[in-house]
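Close look at the chain arrangement
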Amino acid sequence: MQDIRFEDDAGVFHEHKFMVLEDLTEHHNSHSLCAADIKMGVVTTDKYTDDVKREREAKKAAATTTVSLGLRLCGMKVYKDGVGLQKFDRDYGKAITVDDIKSKGFEIFFHNRKAIRVDIIPHILVQLKKLLHVFETNNKYLFVGTSLLLLYDGRSPEEIQKDIKDTVVVKMIDFAHVDTLDGDNKRDEGYIKGLTNMIKLLEEIYNAETIAALADVPHDTHHPHAPVS
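Residues numbered from 1 in each chain as written. Predicted model: local features only at pLDDT ≥ 70, side-chain atom pairs only at ≥ 80, totals over all residues. Heavy atoms only, no water.

Secondary-structure assignment places G82 in the loop between β4 (71–80) and β5 (84–88). Residue classification places G82 among the exposed positions, given a relative accessible area of 69%. Residues G82 and N112 lie 30 residues apart in sequence; the distance between their C-alpha atoms is 9.1 Å. (Helix = DSSP H or I, 4+ residues; strand = E, 2+ residues; numbered from the N terminus. Buried < 20%, exposed > 50% of the residue type's maximum accessible area, 1.4 Å probe, protein only.)

Below, the discussion takes up the side chain of T146. Residue position: T146 is located in the loop between β6 (141–143) and β7 (147–153). Overall, the relative accessible area of 0% leaves T146 in the buried class. With near-sequence residues (within four places) excluded, T146 lies in contact with I38, K39, M40, M172, I173, D174, F175 and Y191. (Contact = heavy atoms within 4.5 Å.)

Let's shift gears to the packing of aromatic side chains. The final tally for this structure, using the stated rule, is 7 aromatic pairs. Between F109 and F110, the ring centres sit 5.0 Å apart and the planes meet at 65°, which makes this aromatic pair edge-to-face. For F109, a relative accessible area of 1% corresponds to the buried category. Their ring planes at 10° and their centres at 4.1 Å tell us that F135 and Y191 sit as a pair that is stacked. With a gap of 56 residues between them, F135 in helix α5 (residues 121–137) and Y191 in helix α7 (residues 189–215) connect regions that are remote in the sequence. The same class applies to F135 as to Y191, namely buried. Clustering of aromatic rings is evident, with ring pairs tying together F109, F110 and Y152. Its guanidinium or amino end placed over the ring of F13, R5 lies 4.2 Å from that ring's centre, counting from NZ or CZ. (Phe/Tyr/Trp six-rings, centres within 6.5 Å; stacked < 30°, edge-to-face > 60°. Lys NZ or Arg CZ within 6 Å of the ring centre and 35° of its normal.)

Next up on the list: the pattern of salt bridges. By the definition in use, this model includes 11 salt bridges. Residue K114 pairs with D81 through a salt bridge whose shortest N-O separation is 2.8 Å. Linking K114 in the loop between α4 (101–109) and α5 with D81 in the loop between β4 and β5, this pair joins segments that are 33 residues apart in sequence. The salt bridge partner of K129 is E203, with a shortest N-O separation of 2.9 Å. Pair noted here: K129 is in helix α5 and E203 is in helix α7, with a separation of 74 residues, a long-range link. Each of K102, K200 and E204 takes part in a single network of salt bridges with overlapping partners. (Salt bridge = Lys/Arg side-chain N within 4 Å of Asp/Glu carboxyl O.)

The subject of this paragraph is empty space enclosed by the protein. According to the stated counting rule, one finds 1 cavity of 30 Å³ or more in the structure shown. By volume, the largest cavity amounts to about 50 Å³. Looking at the largest cavity, the residues that line it are A36, I38, L71, L73, M76, I101, G105, F106 and F109. Listed by contribution, the elements that provide at least two residues to the lining of the largest cavity are β3 (33–40), β4 and α4. Here the element with the most residues in the lining of the largest cavity is α4; it accounts for 4 residues. For the lining of the largest cavity, the residue count by class is 8 nonpolar, 1 polar and no charged. (1 Å grid on protein atoms, 1.4 Å probe; cavity = no way out; pocket = protein on both sides within 12 Å on 5 of 7 lines; lining within 4 Å. Points joined across faces, edges and corners; volume = space filled by probe spheres on them. Nonpolar A, V, L, I, M, F, W, Y, C, P; charged D, E, K, R; others polar.)

With 89% of its residues at a pLDDT of 70 or more, the chain has an overall mean of 87. Counted against residues more than four places away or in other chains, residues 219–226, with its pLDDT under 50, gives 9 contacts. (pLDDT = per-residue confidence, 0-100.)

This paragraph deals with a nonpolar patch on the surface. Nonpolar side chains collect at one region of the surface, where Y141, F175 and V178 lie side by side and expose about 270 Å² of accessible area between them. Mapped onto the elements of the fold, Y141 is located in strand β6. A relative accessible area of 38% means that Y141 is categorised as partly exposed. (Patch = residues over 30% accessible without salt bridge, like charges linked within 9 Å, V, L, I, M, F, W, Y side chains within 5 Å. Areas by Shrake-Rupley, 256 points an atom, 1.4 Å probe, with all protein chains shown as cover.)

Pasting the structure below:
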């Protein structure tokens, strides 16, 4: 919420609180901005959805990774060094399965054509774990059809000339369908499932890449990354 002063047609000034949309890409380089839209939760309809749409959405959720993982890749664009931005649309995300969401989803999102950006992943994980804690203690709200937006600058730290973590953004977006938890629903288990699985997948990628890199480094050489859990 933000206090905004404005003038009406009669020339009288007023001040009111308004909800202001934030441009999350404002401070990023549009030519190297990596972005992923990830639909969270196991259901994408609320209690106001008509039966026809509810059935259609349920079939789509069951056919994708929504039901099994609590998340679905809706689209992404990734900066590839020497090439530029590569885009992956909604249909690409729908075709991803539980077995290949790591290789065709998250590994591609963090790959700059030379290597997986293991320097980015820990900063994403920190924010995801904070969000998971919020949901584990949330006993009021149910988020339906909400997405997570992941952003980072795909250029190297030398090109960016600032701390890489300052380019990393993890934000919840799309709040058109938020309801209250009631009955036996004490937590938003669908969202928690999605966050837990995403954290697990990113930790697996980070640890695998770190172990592989350590195997190529002499034992007396310090390596900047260590496995996480």
